[in-house]
Amino acid sequence: MSTLIRDGLITEDLWQLLPESGEGDAAPLPAEGRILLPLPRWLEERRNGLRAACGVWLQPDEDPLRLLPDLPTLPVIALRFPVFTDGRAYSQARLLRQRHGFAGELRAIGDVLPDQLSAMARCGFDAFVLRADQSPAAALAALSGGPRPTWPRVP
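These notes cover the structure that comes with them. From a predicted model like this one, the values you see are computed outputs, not experimental measurements.

Here we come to the sheet that holds strand β2 (residues 9-11). Spatially, β2-β1-β8-β7-β6-β5-β4-β3 is the arrangement adopted by the eight strands of the open sheet, whose pairing is mixed. Strand pairing shows two members of the sheet lacking a second neighbour, β2 and β3 (15-17), which therefore form its edges. Averaged over neighbouring strand pairs, the angle between their axes works out to 25 degrees when direction is ignored. By the bridge criterion, three bridges tie β3 to strand β4 (residues 34-38) in an arrangement that is parallel. Residue pairing for β4: Leu17 is matched across the bridge by Leu36. Along the sheet face, helix α1 (residues 39-47) touches β4 and β5 (54-58) and points at about 110 degrees away from the line of β4. On the sheet, helix α2 (residues 88-99) packs against β5, β6 (76-81) and β7 (105-110) and is oriented at approximately 160 degrees with respect to β6.

Another aspect to go through is the pairing of β5. Burial analysis of β5 places five of its five residues in the buried class, the great majority of the element. Burial along β5 is two-sided: Cys54, Val56 and Leu58 and Gly55 and Trp57, pointing in opposite directions, are all buried. Sheet topology places β4 next to β5; four bridges connect them, and they run parallel. Each residue of the ladder has a partner; that of Leu36, found in β5, is Gly55. Pairing of β5 with β6, which is carried by three bridges, proceeds in the parallel orientation. Its bridge partner being in β6, Leu58 is matched across the sheet by Leu79.

Let us look at the packing of aromatic side chains. All chains considered together, the criterion is met by two aromatic pairs. Ring centres of Phe81 and Tyr90 lie 5.2 Å apart, and the angle between their planes is 75 degrees; this geometry places the pair in the edge-to-face category. You'll find Phe81 and Tyr90 in the same group, each marked buried. Between Phe81 and Phe125, the ring centres sit 5.8 Å apart and the planes meet at 50 degrees, which makes this aromatic pair tilted. With a gap of 44 residues between them, Phe81 in strand β6 and Phe125 in the loop between α3 (117-123) and β8 (127-129) connect regions that are remote in the sequence. Of the two residues, Phe81 and Phe125, neither departs from the other in class, the shared state being buried.

Here the focus is the side chain of Asp86. Note on placement: Asp86 falls in the loop between β6 and α2. Residue class for Asp86 comes out buried when judged on its relative accessible area of 13%. Once you skip the residues sitting within four places of it in the chain, Asp86 turns out to touch Pro60 and Phe81.

Procedures and definitions
Residues numbered from 1 in each chain as written. Predicted model: local features only at pLDDT ≥ 70, side-chain atom pairs only at ≥ 80, totals over all residues. Heavy atoms only, no water. Pairing = 2+ DSSP bridges. Helix = DSSP H or I, 4+ residues; strand = E, 2+ residues; numbered from the N terminus. Axes fitted to C-alpha atoms, helices over the stretch in contact; angles between N-to-C directions. Contact = heavy atoms within 4.5 Å. Buried < 20%, exposed > 50% of the residue type's maximum accessible area, 1.4 Å probe, protein only. Phe/Tyr/Trp six-rings, centres within 6.5 Å; stacked < 30°, edge-to-face > 60°.

Dropping the structure here:
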């Protein structure tokens, strides 16, 4: 089981991450709950009248600028780290927060380790789903090491 740290606290993860699917085998969306959709599915659902309780997650090679028209209304964007050495999501985060003013939750998912959290927070992440084998106590200690920027929040 993974741990969600949001705004410096361990908290319950209310969002269900829908995995990527192959062509033509997309599962129906759950009738209830908050869903994080992969970018291709999110774009498809948006064209078909996306329901309100959906966020989006991106692979590191996907362009976050495809979300620009929807940034003011997106509650959550999750950026995936496929391996801890792949830093492209840091750039995606800074682009979304600093250049385009994304004010919702910006979540790190994938191979997320405690020693990365301080750098992630400086880039704009405010929520982190730790890799399942990582210590939440170590992650909280890593985050408490210094001041983090505050980002405007969507009400």
